[in-house]
Amino acid sequence: MSHTLSTKEDHVDVLIVGAGPAGLMLANWLSRCRVKTRIVDKRGSKVFNGQADGLQCRTLEIFDSFDFAHRAWREANHMLEICLWNPDENGHLQRSDRIPDTIPGISRFQQVVLHQGRIERFFLDSIKEHSDIRVERGVLPTSFNFDEAKAGDFEDYPISVKLSTLSEEESTPQQQLQHQRSSDGQETVVEDGLFRSNLVADDTEDLIQATEAKGNRKSNQVEHIKAKFLVGCDGAHSWVRRQVGFNLEGGSTDYIWGVLDIVPITDFPDIRHRCAIHSADAGSLMVIPRENKLVRLYIQLQATDCQKNGSKADRSWITPEIILKSAQRIVHPYKLDYAYCDWWTAYQIGQRVSNKFSQSERVFLAGDAVHTHSPKAGQGMNVSMQDTYNLGWKLAHVINGLSEPSILQTYESERRQIAQDLIAFDHRFSRLFSGRPAKDIMDEEGVSMEEFKSAFEKGNEFASGIAVDYATSILVAKETDVAEQDKDTIISKPQLAVNIDIGKRMPSFKVLNHADARPWHLQELLKSNGRWRVIVFPGRLTESQNMERFERLGAALGGPDSFIRQFTPPDKSIDSVIEVLTVHSGSRTKVELLDLPEAFHPHHGDMGWDYWKVFVDEESYHEGHGQAYENYGIDPNHGVSVIIRPDQYVSWVGEVDDYEQMSRFFTSFMKQQAGN
């Protein structure tokens, strides 16, 4: 007797496929913005070991905007110095240089390392705290349909996806399990990460065929999802990318790298530093000191170790022992061994970018689904999360009726450029890292160690994530000069704040709360809650001309027809869509907060005045002087106003009281709210 198939239907705003860091970052954004979201992953369990581990400065700033950077900061290993090891003229390994791991002063955070499983846990806790979104594991999308005719109606659900629930066996990846015996005789199984490696074929199609072959077995639950948006965060073998017919473009190198997470037994002196080691003729190795006494080794494998007859790497040859032997040859004459291995994998370096990131602004791809590269620069997880950090608030604003759908076009224009920059950086970095060191200046085949050091130092700013610079768009007003007849162009005046770059994230310096003198980093005031910010730097308010301009702006912003009121739903607080913050340059004791226009300290009915909107650039009692005006390059005799996007990137810089330009900027993409 046959059982009928269990089928149900659901309508969602956003369906996310893939619950790695990119998918979880997106779900986390949407959890803050009350967007109906489903997130599914074909794997039956989260990551417990290994995978990505580097957290760059910008990523930690983003985590802090979601209130969990402190968890990562406390648990992670902090890498403060890089040691470069190279062969001397006799081919003997020596330490040739030490450089800071993070460029001093670039951010209030430095690069740290912590394994992906913990980072995913922070996201899961944050999502649970703010919504009822839950990761549905062991759930596989098996069919996709996109009604292009409905793509222009953003109230409609043009995407249909069929989801099947996998058995525990199907959702558990096949691993090469390695057994190790500890000194007390206990045997443990080492997890390998090869099932996620590019050396292994994807199993999605096999799983889809298996679920279809099960036919109408009762255990095979099927659900039909109707979605406004679909986001593929499902890795380099992305099922979503294949459904929309996009392709990764680029190539693979011949370099094969192995990865070991071990507790090392060694006499190598810099094992607790990040190290780049070039041997004379045995390849290269990167040392990444980890949390819990672990050290990650990225090891260049010799072609003879893992290839047969010149064919693509045969992964059955690759074992932790093979990888360790390569590492031992590279660090010779130092000794290197281990009794405990936590995780291992291998991969072939390839640099590829998808030809498109979005289909009709309804289906989006992020992370490894649209760009793949080597992991040694600590970029993969960071850039993947920053993809969906860019996308999340834009989706939420469109779904919640705050913005026109045109803002969604900026996802591809902004993030595809970043991916291409990343590939170019990674291509050069991988070649320099994997190449044989030059024996002398006449050795054209070898890699110059001076060139490697220079690339490493230049790469540090790029790798930090701080260098991201979004191009001109409806969300980034970089135009500084325009012909008189063009009245619609939004003009910025970057000369008023020479160290605030339009298109880059807002730098952070300490300022004092005017009401209670508590010091805050400016970035701490820019929480990721979906709000735009107008930050007004009015200069010295004790000077009458500055106070007059400030009051003039306050009257316009607080007026009944102001753009802030036009774009705020009548049932929401006045600062819920566009928040106004003030940083004046003193004196705090000569200016009374409640004497300032109400637009700068709004009244929230039963909750009274808002004392957390006005700040001052003065010395604190216990934490020194942030020198914000000086560091931002703002003249305290003149001031400036700055518009900041919900993801902390700078959109516009202009005169303190240029209300017209501010209004023109927002009016170009925001929706007037009914009832205003």
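- Per an unreviewed UniProt entry, the protein chain is named FAD-binding domain-containing protein, and its organism is Penicillium concentricum.
- UniProt annotates the protein chain under Sequence similarities (unreviewed entry) with the comment "Belongs to the PheA/TfdB FAD monooxygenase family."

1. What about the sheet that holds strand β25 (residues 578-584)?
- Reading across the sheet, the seven strands line up as β23-β22-β26-β25-β24-β27-β28 and stay open at both edges, with mixed pairing between neighbours. Edge positions in the sheet fall to β23 (519-521) and β28 (650-654), since each of these pairs with one other strand and no more. Recorded for the sheet is a direction-independent mean angle of 30° between the axes of neighbouring strands.
- Relative to β23, strand β22 (residues 510-513) runs antiparallel, the two sharing three bridges. In the strand pairing of β23, Leu-512 is matched with Pro-519.

2. Quick word on the sheet that holds strand β4 (residues 77-78)
- Ordered in space as β3-β7-β4, the three strands form an open sheet in which the pairing is antiparallel. The open sheet has two edge strands with one neighbour each: β3 (54-55) and β4.
- The pairing of β4 with strand β7 (residues 112-113) spans two bridges and is antiparallel. If you follow His-78 over to β7, its bridge partner there is Val-112.

3. Quick word on the pairing of strand β13 (residues 222-232)
- The buried fraction of β13 amounts to nine of the eleven residues, a majority that puts the element mostly inside the structure.
- As paired strands, strand β1 (residues 7-17) and β13 are joined by ten bridges and run parallel to one another. In the sheet register, His-11 faces β13, and the bridge partner there is Lys-226.
- Sheet topology note: the strand β10 (residues 159-165)/β13 ladder contains six bridges and is antiparallel. Residue Ser-160 lies in a different strand from β13, and its bridge partner there is Lys-226.
- Here β13 pairs with strand β20 (residues 363-365) via three bridges, running parallel. Opposite Leu-230, over in β20, you have Val-363 as the bridge partner.

4. Quick look at empty space enclosed by the protein
- As enumerated under the stated definition, the model contains four cavities of 30 Å³ or more in all.
- Size it by volume and the largest cavity reaches roughly 120 Å³.
- Considering the residues around the largest cavity, the lining is formed by 15 residues, among which Gln-111, Arg-274, Gly-459, Asn-460 and Ala-463 are closest to the centre.
- Of all the elements in the fold, those that place two or more residues in the lining of the largest cavity are α11 (409-434) and α12 (449-464).
- With five residues, the top contributor of residues to the lining of the largest cavity is α12.
- Split by residue class, the lining of the largest cavity holds seven nonpolar, six polar and two charged.

5. What about unusual backbone geometry?
- The omega torsion of the bond from His-332 to Pro-333 falls at 20°, within 30 degrees of zero and hence cis.
- Ser-587 follows Gly-586 through a cis peptide bond whose omega is 0°.
- As for its placement among the helices and strands, Ser-587 is situated in the loop between β25 and β26 (614-616).
- We note that Arg-34 has phi near 55°; this positive angle belongs to a residue other than glycine.
- In this structure, Arg-34 sits in the loop between α1 (21-32) and β2 (37-41).

The rules behind each value
- Residues numbered from 1 in each chain as written.
- Predicted model: local features only at pLDDT ≥ 70, side-chain atom pairs only at ≥ 80, totals over all residues.
- Heavy atoms only, no water.
- UniProt positions renumbered as here; feature names shortened; annotations may be inferred.
- Pairing = 2+ DSSP bridges.
- Helix = DSSP H or I, 4+ residues; strand = E, 2+ residues; numbered from the N terminus.
- Axes fitted to C-alpha atoms, helices over the stretch in contact; angles between N-to-C directions.
- Buried < 20%, exposed > 50% of the residue type's maximum accessible area, 1.4 Å probe, protein only.
- 1 Å grid on protein atoms, 1.4 Å probe; cavity = no way out; pocket = protein on both sides within 12 Å on 5 of 7 lines; lining within 4 Å.
- Points joined across faces, edges and corners; volume = space filled by probe spheres on them.
- Nonpolar A, V, L, I, M, F, W, Y, C, P; charged D, E, K, R; others polar.

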